[in-house]
Amino acid sequence: MDFIQLIKISFKAILINKVRALLTMLGIIIGVCSVIVMLTVGESSKKGITSNISDMGSNLIMISPKSNVQTGVRLDASATQSLLIEDCRAIEQQVALVNAVSPIVSGSGQAIYGASNWKVTLFGSAPEYLLIRNLKVADGVMITDYDVKTNAKVAVIGRTVLENLFPYEANPIGKTIRFNSVPFKVIGILEAKGVSTFGQDQDDIIIAPYTTVQKRILGINHLHSIVASAISEGAAEQAVKQVVDILKDNHKIQDGKENDFEVSSQKELIDTFSSITEMLTLLLVTIASISLVVGGIGIMNIMYVSVKERTREIGLRLAVGGRAVDILRQFLMESVFISFTGGLIGIVCGVLISLLVGHIVGWQVVIPPQAILISFAVCTLTGVFFGWYPARKASGLDPIQALRYE
């Protein structure tokens, strides 16, 4: 029996019981569809998280004081004073793999303009902060080095602050707002950034010279943190090592002693989130794959039923000279056909559902090619694996006993 004839006979045998075949495919359809949707959701969320974290700053390196324990009480990192402006200058001058550095001090308070007020975080930074955090000024100008040197009371505000403090002003540039009773002249408005991966409104911010915030708002000399930008993503890891060495030298920390600071890069954050996403995706795919096993058991069951129903037909074919291998191929082909067709339908449904979910959630949908390839392979293997034993049993029937079967 040639291959084309084998396909025709198998197809006709399936069409005799169309509803039963469709119900048998249902397990495969649900399984394949679930696997594709889970892989797509995992890949799309991973890409979205990576993109959002990258938007927070290209090749970002974050240096912060480490919380320590004194007299049995753990002090908050912001309460320690291990970072100074000298550390920032040392990183800027001595770390060749860093192209921008900015000190950071911050405080929360009430911003007021006229009858409007808004609780907001005031960030004190250097002009390089915009480059490091991928921020842009939509209107006006950014603070300058001169503003930092002169402790100028100027500020650049985010879109959320603009909407809440200046609901009726056409152009707030040049207006004076107050933060904790200290006046600041608005010199710029930042482009909108939206909500970050962590649910933080990135537009709810006021940026002022760090010297002004230190002396006029907080009354401190130390820094809350330092942010820097590596020259490239590949250089971030080595840049972190150089920063650690510089700070250990500045802080006179001997080998084997615990650092009083922490240094991390954006790449580490991305790798962490990617790892978590991959683990969750694997878990979801494993759960979804149970449907494929159920579908395979359904195929085996229906093939057993088919062998029982067609026992006399099998006996007749064997009696007139049919070969056992042809019987084996026919039933195996029917099993693979059911599994493969169910897989194709499942792939189409999975792609459509993935696109629908992406549209509803607002994600950029990324359908991994390997998800479709794996689905094809799994469908074929499922048909062969679960169809082999019933087909082998059919080909091994005794012709005389099969003809007597009622």
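This is a predicted model, so every value here is computed, not measured. (Residues numbered from 1 in each chain as written. Predicted model: local features only at pLDDT ≥ 70, side-chain atom pairs only at ≥ 80, totals over all residues. Heavy atoms only, no water.)

Chemist: Help me out: how do you make sense of the packing of aromatic side chains in this one?
Modeler: Each aromatic ring pair is summarised here by two numbers: the centre-to-centre distance and the angle between the ring planes. Within this structure, the stated rule accounts for two aromatic pairs. With a centroid separation of 4.4 Å and 40° between ring planes, the pair formed by Tyr113 and Phe166 is classed as tilted. Residue Tyr113 is located in strand E4 (residues 98-113), and its partner Phe166 is located in the loop between helix H6 (159-165) and strand E8 (176-179); the two are separated by 53 residues in the primary sequence. Taken as a pair, Tyr113 and Phe166 share a single burial class, namely buried. Aromatic side chains Phe123 and Tyr129 sit 6.4 Å apart centroid to centroid with 20° between the ring planes, which places their arrangement in the stacked category. (Phe/Tyr/Trp six-rings, centres within 6.5 Å; stacked < 30°, edge-to-face > 60°. Helix = DSSP H or I, 4+ residues; strand = E, 2+ residues; numbered from the N terminus. Buried < 20%, exposed > 50% of the residue type's maximum accessible area, 1.4 Å probe, protein only.)

Chemist: Help me out: how do you make sense of empty space enclosed by the protein in this one?
Modeler: Counted according to the given criterion, the structure contains one cavity of 30 Å³ or more. By volume, the largest cavity amounts to about 50 Å³. What lines the largest cavity is Val37, Thr40, Val41, Ser44, Ser354, Val357, Gly358, Trp363 and Val365. Counting only elements with at least two residues in the lining of the largest cavity, the list comes to helix H2 (18-55) and helix H11 (324-361). (1 Å grid on protein atoms, 1.4 Å probe; cavity = no way out; pocket = protein on both sides within 12 Å on 5 of 7 lines; lining within 4 Å. Points joined across faces, edges and corners; volume = space filled by probe spheres on them.)

Chemist: So what exactly am I meant to see when it comes to the pairing of E8 here?
Modeler: Two faces make up the sheet, and in a regular strand the side chains alternate between them. Burial of E8 is one-sided: the residues Ile177 and Phe179 facing one way are buried, the residues Thr176 and Arg178 facing the other way are not. Summarising the sheet, E8 and strand E9 (residues 182-190) pair through four bridges and their orientation is antiparallel. Bridging from a neighbouring strand, Phe179 pairs with Val182 of E9. Hairpin connection from E8 to E9: two residues lie between these consecutive antiparallel strands, with Asn180 at a positive phi of about 50°. (Pairing = 2+ DSSP bridges.)

Chemist: Is there a simple way to explain the confidence of the model for the chain in this structure?
Modeler: Low pLDDT means the predicted coordinates in that region are not meant to be read closely. On average, residues of the chain score 81 in pLDDT, and 88% of them reach the 70 mark or higher. Considering only residues more than four positions removed or in separate chains, one finds that residues 69-79, a stretch of pLDDT under 50, has twelve contacts. (pLDDT = per-residue confidence, 0-100. Contact = heavy atoms within 4.5 Å.)

Chemist: What's the story with the environment of Ala228 in this structure? I'm lost.
Modeler: Here Ala228 is to be found in strand E11 (residues 225-230). Each C-alpha atom, one on Ala228 and one on Val98, is 6.7 Å from the other, the two residues being 130 residues apart in sequence. Excluding its chain neighbours within four sequence positions, the residues that come into contact with Ala228 are Asn59, Leu60, Ile61, Val98, Ala100, Val101 and Ile132.

Chemist: Explain unusual backbone geometry here, please?
Modeler: Among all residues except glycine, the phi angle is most often negative; among peptide bonds, the trans geometry is most common. Of note, Asn134 is a non-glycine position whose phi angle comes to about 55°, a positive value. In this structure, Asn134 sits in the loop between helix H4 (129-132) and strand E6 (137-140). Classification of Asn134 as partly exposed rests on a relative accessible area of 34%. With a phi close to 55°, Lys252 is a non-glycine residue in the positive phi region. Looking at Lys252, the relative accessible area reads 68%, which means it is exposed.

Chemist: Just to check I follow, could you spell out a nonpolar patch on the surface for this structure?
Modeler: A cluster of nonpolar side chains, Ile276, Leu280, Leu283, Leu284, Ile287, Ile290 and Val294, forms an exposed patch at the surface whose accessible area comes to about 640 Å². Take Ile290: it is sitting in helix H9 (residues 266-309). (Patch = residues over 30% accessible without salt bridge, like charges linked within 9 Å, V, L, I, M, F, W, Y side chains within 5 Å. Areas by Shrake-Rupley, 256 points an atom, 1.4 Å probe, with all protein chains shown as cover. Salt bridge = Lys/Arg side-chain N within 4 Å of Asp/Glu carboxyl O.)

Chemist: Would you explain helix H3 (residues 85-94) in this entry?
Modeler: Because an α-helix completes one turn every 3.6 residues, residues spaced three or four positions apart along the sequence face the same direction. Every buried residue of H3 is listed here: Ile85, Asp87, Cys88, Ala90 and Ile91. Contacts made by the buried residues of H3 are with strand E1 (60-65), E4, helix H7 (210-218), E11 and helix H8 (236-250).

Chemist: Looking at this structure, I do not really get the side chain of Asn59. What am I missing?
Modeler: Within the fold, Asn59 resides in the loop between H2 and E1. Leaving out residues up to four positions away in the same chain, Asn59 has contacts with Ala228, Ser229, Ala230, Ile231, Ser232 and Glu233.

Chemist: Just checking my understanding: could you explain the nonpolar core for this structure?
Modeler: The nonpolar side chains of a soluble globular protein tend to be buried, and buried together. Counting residues in hydrophobic clusters, the biggest one holds 50 residues, and the most contacted among them are Ile61, Ile63, Ile157, Ile177, Phe184, Ile206 and Val263. A total of seven residues in this core trace back to one element, the largest contributor, which is H8. Not counting chain neighbours up to four residues away, the residues in contact with Ile206 comprise Ala111, Val120, Thr121, Leu122, Phe123, Ala155, Val156, Ile157, Val161 and Ile177. Core analysis: the next-biggest nonpolar cluster, separate from the first, contains 27 residues, Ile14, Val35, Val307 and Ala391 among them. (Core = buried A, V, L, I, M, F, W, Y, C linked by side-chain atoms within 4.5 Å.)

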